[in-house]
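Coordinate analysis (summary)
Letter by letter, the chains look like this.
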Amino acid sequence: MAQILLTTTVGSFPKPASLLEARRKHARKQLSAEELLTLERRATEDWIRRQEEIGLDILVDGEMYRGDMVANRYYPKPAVVRPVGRRAPITVEWWSYAQRLTPRPVKGMLTGPYTIAEWSFNEHYPTRRELVLELARAIHDEAVDLERAGARYIQIDEPAIHTRPDEDFDLAVEAMDIVTKGLSAYTISHICYGDVPRIYPAMLRLAVDQLDLALKNEDFALLDTFKSPRFTKDIGLGVLDAHSHRAETPDEVADGIRRTLKVIPLPQVFVTPDCGLKTRTTDETVAKLTAMVEGTRRVREELSR
Amino acid sequence: MKTTVIGSYPKIPDPPAPGRWRAGVEKLQRGEITREDLRRVEDEVTVEVLTEMAGKGIEIVTDGQIRWEDGQTYFTRGLDGFSINGLQRYFDTNVYYRQPTATGEVGWRGPISVADYTFASTHSERPVKPVVTGPFTLAVLSRDEFYGNRDQLVMALAAALNRELKALAQAGASVIQVDEPGLLAHRDHFPLFRRAMDVLWDGVDAQRALYTYFGHIDGLYPALLDVPVDVLGLDFVAGARNWDVLRKAKFTKQLGLGIVDARNTKMETPAAVADACRRATAFVPASHLHVGPSAGLEFLPRGVAQRKLEVLAAGVRRFHEGGA
């Protein structure tokens, strides 16, 4: 029998202080790109080992090469100034590097077209629709390349999807159709914050196998929403608050899973934190994930009795 | 006719300029400096922003809200009855704020923004407009664990913030702006909003400006004209429909003309700004126009915000000169 309640994470992990310092030095041109890359690779390998030790089933590369927000508010925001298109694969190299480090599956990690469009300035396209669909075609090509490289799980995050639910949720759905068309890999979309009940059940129309959602943040209140109509996709069940310092207990995690299993059938449930963990410390992250894996193990054991 | 801004301003300069505020926040998080040290950095950045706005041709400035964590925390942490909780997204932006939670009776225990207003005012060559997040918006962006009833929370906030507005007027503010973008996301609560405005502005001895943004006021107009304020600020970018909405009834207030897009780097032209001013004079005399960005400028890179203010001022000059 296939393993039940597979555990995974949403994508990001905290960067070690040495890497943060190296990024600052690199920005000041005091450190070469090669030296920075060496440190990013070392940090990636550290996170692959930690995930294996903790006992997670589906791994991520931890996004050691990506930037961070300042004070939860500021990030260098891209501006679209000419037609968008993909020059070459973007994520395949990092994915391949991470996958070579471990026999466990590593997720390919992409950001969805709606979110990229929504969180960029648009100086070029007359409408958001044109930009979103053009991005969708580029991201589809990237997903195909990840799959060809061997990725069995591909996550396409759409945290901005409920920005204007009345105005253009259909556009986000149409764009995801383009992104995942013809893929054989297992597909996931992470959606976080915002008013999830407002896009339910419409969100079940997104062309992915799994929706990854933050449940713990609101103490599993979303389960009420998912009772009717039924949650028809797999769920990435967020059981860890990504923005609290406190490590959840295994009991708390197990309890959240048990409550969920009353609403969503067992084969549809994957266990995960609410969101990326990059804003936690390494110790906090390890403690939280250890509790998550232990809590999941307890439920698996109960169910096998 | 005056040029003005809606409130916030980018805190971080464009690279490679040193981001003092950003570095300060990181140092505070690492425990290398104290709150007091960061406050001195905020003083410096505030003065820089005041000077920058004036230099770009803005006649009524704000302090840029450099000290604000966000529009909600800045006020609710100074009020009785609130704790500050987990991250939430601010309307349709990719900006997050910590959600205030009402856990007890809301009350005003003393001035929250007055010292910051006074600091800005004494360091500005131009009149400074203090900005206060309105009771309705604070309520819809908060979580209520005490009242169990939105009306009560809104009215309690209105009473508390009324004292803040009075304190600002007492400190010398000749104009006070209250932001209520939340109204546009909850239009069906207008009767409650209307009652809250009566309490909020009661006895406030200053020019009263109410600003909405992130959308249009269709469905709320002309009812909004009954709110006891002198200036009504509207977003003509995200709410381009406002041009049509204002035709529905005679506009009886001064108009905050939010015309420069505070949410996109695409640059306006002085001609387009001048044109919008001319269009607006169909509704109000030019002397009753407060021309500004569509919302706070915090969403833009610093250099783009500067250029947008220059374009704004150039557009208003062009309007006065009557050029095309």
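Calculation notes
Residues numbered from 1 in each chain as written. Chains lettered and ligands numbered in written order. Predicted model: local features only at pLDDT ≥ 70, side-chain atom pairs only at ≥ 80, totals over all residues. Heavy atoms only, no water. UniProt positions renumbered as here; feature names shortened; annotations may be inferred. Helix = DSSP H or I, 4+ residues; strand = E, 2+ residues; numbered from the N terminus. Contact = heavy atoms within 4.5 Å. Areas by Shrake-Rupley, 256 points an atom, 1.4 Å probe, with all protein chains shown as cover. Lys, Arg positive; Asp, Glu negative; His and termini not counted. Charge placed at Lys NZ, Arg CZ, Asp CG, Glu CD. Phe/Tyr/Trp six-rings, centres within 6.5 Å; stacked < 30°, edge-to-face > 60°. Buried < 20%, exposed > 50% of the residue type's maximum accessible area, 1.4 Å probe, protein only. Lys NZ or Arg CZ within 6 Å of the ring centre and 35° of its normal. Buried area = accessible area lost by both parts, 1.4 Å probe. Polar contact = N/O pair within 3.5 Å; in protein donor to acceptor, adjacent residues only side chain to side chain. Pairing = 2+ DSSP bridges. Axes fitted to C-alpha atoms, helices over the stretch in contact; angles between N-to-C directions. Right-handed = clockwise from strand over helix to strand, strands pointing away. Core = buried A, V, L, I, M, F, W, Y, C linked by side-chain atoms within 4.5 Å.

Under an unreviewed UniProt entry, the name given to chain A is Methionine synthase, and the source organism is Candidatus Segetimicrobium genomatis. Quoted straight from UniProt, the Cofactor (unreviewed entry) entry for chain A says "Zn(2+)".

With respect to the overall build of chain A
A count of helical and extended segments in chain A gives nine helices and eight strands. For the C-alpha atoms alone, the extent of chain A along its principal axes is close to 55 × 45 × 35 Å. Contacts in chain A between residues at least 24 apart in sequence constitute 80% of all its contacts with a sequence separation of at least 6. On chain A, roughly 13,300 Å² of surface is accessible, and the fraction owed to carbon and sulfur atoms is 51%. Between the mean site of the 43 positive side-chain charges and the mean site of the 47 negative ones, chain A shows a separation of 2 Å.

Details of the packing of aromatic side chains
Evaluated as defined, the whole model comprises 23 aromatic pairs over all chains. On the basis of an interplanar angle of 85° and a centroid distance of 5.7 Å, the ring pair of Phe136(B) and Phe193(B) is categorised as edge-to-face. Here Phe136(B) is found in helix α5 (residues 135-140), whereas its partner Phe193(B) is found in helix α8 (residues 190-201), with 57 residues between them in sequence. Residue Phe136(B) is classed as buried on the basis of its relative accessible area, which comes to 0%. Phe193(B) sits in the buried class, given a relative accessible area of 0%. Here the aromatic residues Tyr90(B), Phe91(B), Tyr97(B), Tyr213(B), Phe214(B) and Phe299(B) are joined through ring pairs into a cluster of three or more. Taking the ring centre of Phe121(A) as reference, the NZ or CZ of Lys77(A) above it sits at 4.2 Å.

A few points about the interface of chain B and chain A
Across the boundary between the two partners, chain B contributes 27 residues, which contact 25 residues of chain A. Among the residues of chain B in contact with chain A, Leu87(B), Arg89(B) and Asn94(B) are the three that bury the most area, contributing 27% of the side total. In this structure, the connection of chain B to chain A is made through four residue pairs in polar contact (both at pLDDT 80 or more). Broken down by element, the residue count for the side of chain B that touches chain A peaks at four residues, all from helix α1 (residues 20-29) of chain B.

Quick notes on the sheet that holds strand β3 (residues 96-108) of chain B
All names here are of chain B. With mixed pairing, three strands are arranged side by side in an open sheet as β2-β3-β5. Two strands close off the open sheet at either side, each with one partner strand: β2 (79-89) and β5 (143-144). Packed on one face of the sheet, helix α6 (residues 150-170) meets β2, β3 and β5 and runs near 90° to β3.

Some details on the pairing of strand β8 (residues 269-272) of chain A
All names here are of chain A. Every second residue of β8 is oriented toward a common face, with Val-269 and Val-271 on one face and Phe-270 and Thr-272 on the other, all of them buried. Bridge count between strand β7 (residues 234-238) and β8: four bridges; the pairing is parallel. Counterpart to Ile-235 in the pairing with β8 is Val-269. For the segment spanning β7, helix α8 (residues 250-261) and β8, crossover handedness is right-handed.

Concerning the nonpolar core
Counting residues in each nonpolar core, the largest one holds 112 residues, and the members touching the most others are Leu224(B), Leu255(B), Leu257(B) and Val291(B). In this structure, Leu257(B) is in contact with Leu234(B), Phe236(B), Trp243(B), Ala276(B), Cys277(B), Ala280(B), Leu289(B), His290(B), Val291(B) and Gly292(B), ignoring residues within four places of it in sequence. Leu59(A), Trp94(A), Met109(A) and Ala172(A) belong to the second largest nonpolar core, which has 89 residues in total.

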